[in-house]
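Chains, contacts and geometry: an overview
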Amino acid sequence: PESLPSLVDGITLTIINLIGYSAMAGTVGGGGIGDIAIRYGYQQYKTDYLIVCSIILIAFVQLIQMLGNHMYKKMR
């Protein structure tokens, strides 16, 4: 029971890193939202695609971070 808050904090960090890695994998052809941002936003000069994809990624990471922090504080 004493280690549970630390485990939740570590899982939260791992999920956030996986989101970042998947976005980076999209830049080299791995698909996903990173691929959309690079293919349409950067290569075709459609900045609205780039901005929307960035906002989606930031919002997703922020949501997961807030949820993880809330769970961490509740368990502590």
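Remember, predicted model here, so these are calculated numbers, not experimental data.

Right, let's talk about the pattern of salt bridges for a bit. Summed over the entire model, instances satisfying the criterion amount to one salt bridge. For Asp35, the salt bridge goes to Arg39, with nearest N and O atoms at 3.1 Å. With Asp35 and Arg39 both in helix 2 (residues 33-42) and four residues apart, this pair spans about one turn of that helix.

On the surface, Leu4, Leu7, Ile11, Ile15, Leu67, Met71 and Met75 cluster together to form a nonpolar patch covering roughly 610 Å² of accessible area. Counting residues per element, the ones that place at least two in the nonpolar patch are helix 1 (4-27) and helix 3 (47-75). In terms of residues, the nonpolar patch owes the most to one element, helix 1, which gives four residues. With respect to the helices and strands, Met71 occurs in helix 3.

Moving on, we come to helix 1. Look at helix 1: 35 Å from first C-alpha to last across 24 residues, which is about the 34 Å you get at 1.5 Å a residue. Every buried residue belonging to helix 1 is among Pro5, Val8, Thr12, Ile16, Ile19, Ala23 and Gly26, and all of these are buried. Considering only its buried residues, helix 1 is in contact with helix 2 and helix 3. Gly29 occupies a position one or two residues after helix 1 and carries a positive phi of about 100 degrees.

In this section: the packing of helix 1 against helix 2. Orientation of helix 1 relative to helix 2, taken along the N-to-C sense of each, is 40 degrees, at an axis distance of 6 Å. With respect to each other, helix 1 and helix 2 are oriented oblique. Handedness of the helix 1/helix 2 crossing: right-handed. Across the interface between the two elements, Ala23, Gly26 and Thr27 of helix 1 pack against Gly34, Asp35 and Ile38 of helix 2. Residues of the contact of helix 1 with helix 2, tallied by class, amount to two nonpolar, three polar and one charged.

Rules and cut-offs
- Residues numbered from 1 in each chain as written.
- Predicted model: local features only at pLDDT ≥ 70, side-chain atom pairs only at ≥ 80, totals over all residues.
- Heavy atoms only, no water.
- Salt bridge = Lys/Arg side-chain N within 4 Å of Asp/Glu carboxyl O.
- Helix = DSSP H or I, 4+ residues; strand = E, 2+ residues; numbered from the N terminus.
- Patch = residues over 30% accessible without salt bridge, like charges linked within 9 Å, V, L, I, M, F, W, Y side chains within 5 Å.
- Areas by Shrake-Rupley, 256 points an atom, 1.4 Å probe, with all protein chains shown as cover.
- Expected span 1.5 Å × (residues − 1).
- Buried < 20%, exposed > 50% of the residue type's maximum accessible area, 1.4 Å probe, protein only.
- Contact = heavy atoms within 4.5 Å.
- Axes fitted to C-alpha atoms, helices over the stretch in contact; angles between N-to-C directions.
- Parallel < 35°, antiparallel > 145°, perpendicular 65-115°, else oblique.
- Left-handed = near helix turned anticlockwise from the far one by under 90°.
- Nonpolar A, V, L, I, M, F, W, Y, C, P; charged D, E, K, R; others polar.

Structural measurements only, silent on function.
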